[in-house]
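Letter by letter, the chains look like this.
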Amino acid sequence: EDQVTQSPEALRLQEGESSSLNCSYTVSGLRGLFWYRQDPGKGPEFLFTLYSAGEEKEKERLKATLTKKESFLHITAPKPEDSATYLCAVQANTGNQFYFGTGTSLTVIP
Amino acid sequence: DAGVTQSPTHLIKTRGQQVTLRCSPKSGHDTVSWYQQALGQGPQFIFQYYEEEERQRGNFPDRFSGHQFPNYSSELNVNALLLGDSALYLCASSSGHRGNTIYFGEGSWLTVV
């Protein structure tokens, strides 16, 4: 069964304190792994798509990496405006749906 | 460039009633997917529409139905509402129904009382 597990569930960081969020996945043939940011009461905002192990993508303070079993979202020197829930999703070769994890709630304290 | 737009943003319904939610995809997109997100959970796939047909369905009962129009906009209908249907309903659009990033709207908050 295709599934996604994210850890930790919640993370509190001091401003400037770098860390990583984990996304472990089980999928019958990976078509793509996706990272989204979701602010309270809003729809998810697309961040990155990764397609194959070893691939990396960067955007401002965020960097996403992918292995055959997991993905990491590295946050370098975070700011309070980075506070949000970060969602990971996978799409399998066998279908069109995205399977989402339950997210990591990030709080960055000034 | 307009993104994915959804309406209404909030609504309250009574158990047993029916609801219709609407979605216009991002410009240039022809595929619409619907997701349900309960509080504290990740989005759960309901179904996907492409070329006005339901291409794939998730594990949701027949009370959930949909439609896609020739202009690619879509509706989600839920009949015989239950308290457990209270959630954020998200529409996502993409170009082609396989292997492309999906972009979400802001969602429709449904409360069933």
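Residues numbered from 1 in each chain as written. Chains lettered and ligands numbered in written order. Predicted model: local features only at pLDDT ≥ 70, side-chain atom pairs only at ≥ 80, totals over all residues. Heavy atoms only, no water.

Q: Can you walk me through the interface of chain A and chain B in this structure?
A: How large an interface is tends to be reported as the accessible area lost when its parts come together. Contacts between the two partners involve 21 residues from chain A, matched on the other side by 23 residues from chain B. Taken together, both faces of the contact between chain A and chain B bury some 1,800 Å²; the carbon and sulfur share is 49%. At the boundary of chain A with chain B, the tally comes to zero salt bridges. At the junction of chain A with chain B, the criterion picks out eight residue pairs in polar contact (both at pLDDT 80 or more). If you tally residues by element for the side of chain A that touches chain B, the top one is strand β4 (residues 30-38) of chain A, at four residues. (Contact = heavy atoms within 4.5 Å. Buried area = accessible area lost by both parts, 1.4 Å probe. Salt bridge = Lys/Arg side-chain N within 4 Å of Asp/Glu carboxyl O. Polar contact = N/O pair within 3.5 Å; in protein donor to acceptor, adjacent residues only side chain to side chain. Helix = DSSP H or I, 4+ residues; strand = E, 2+ residues; numbered from the N terminus.)

Q: Just checking my understanding: could you explain the sheet that holds strand β8 (residues 74-78) of chain B for this structure?
A: Backbone hydrogen bonds hold the strands of a sheet together, and the pairing may be parallel or antiparallel. All names here are of chain B. In spatial order, the strands read β1-β3-β8-β7; together these four strands make up an open sheet with antiparallel pairing. Only two strands of the sheet have a single partner each, and these edge strands are β1 (5-7) and β7 (64-68). Strand-to-strand twist in this sheet, taken as the mean axis angle between neighbours without regard to direction, amounts to 20°. Note that strand β3 (residues 19-24) and β8 share five bridges and pair antiparallel. Residue pairing across strands places Leu-21 opposite Leu-76, the latter belonging to β8. (Pairing = 2+ DSSP bridges. Axes fitted to C-alpha atoms, helices over the stretch in contact; angles between N-to-C directions.)

Q: Just checking my understanding: could you explain the packing of aromatic side chains for this structure?
A: For any pair of aromatic rings, the description consists of the separation of the ring centres together with the inter-plane angle of the planes. Going through the model one piece at a time under the given rule, you end up with twelve aromatic pairs over all chains. Ring centres 6.0 Å apart and planes at 65° place the aromatic pair Phe-100 of chain A and Phe-104 of chain B in the edge-to-face group. With one member in each of two chains, Phe-100 of chain A in strand β10 (residues 98-100) and Phe-104 of chain B in strand β10 (residues 103-104) form a pair that bridges those chains. Summarising the burial analysis for this pair, Phe-100 of chain A and Phe-104 of chain B share the class buried. Ring plane angle 70° and centroid distance 5.1 Å describe the contact between Phe-60 of chain B and Phe-64 of chain B, whose orientation is recorded as edge-to-face. (Phe/Tyr/Trp six-rings, centres within 6.5 Å; stacked < 30°, edge-to-face > 60°. Buried < 20%, exposed > 50% of the residue type's maximum accessible area, 1.4 Å probe, protein only.)

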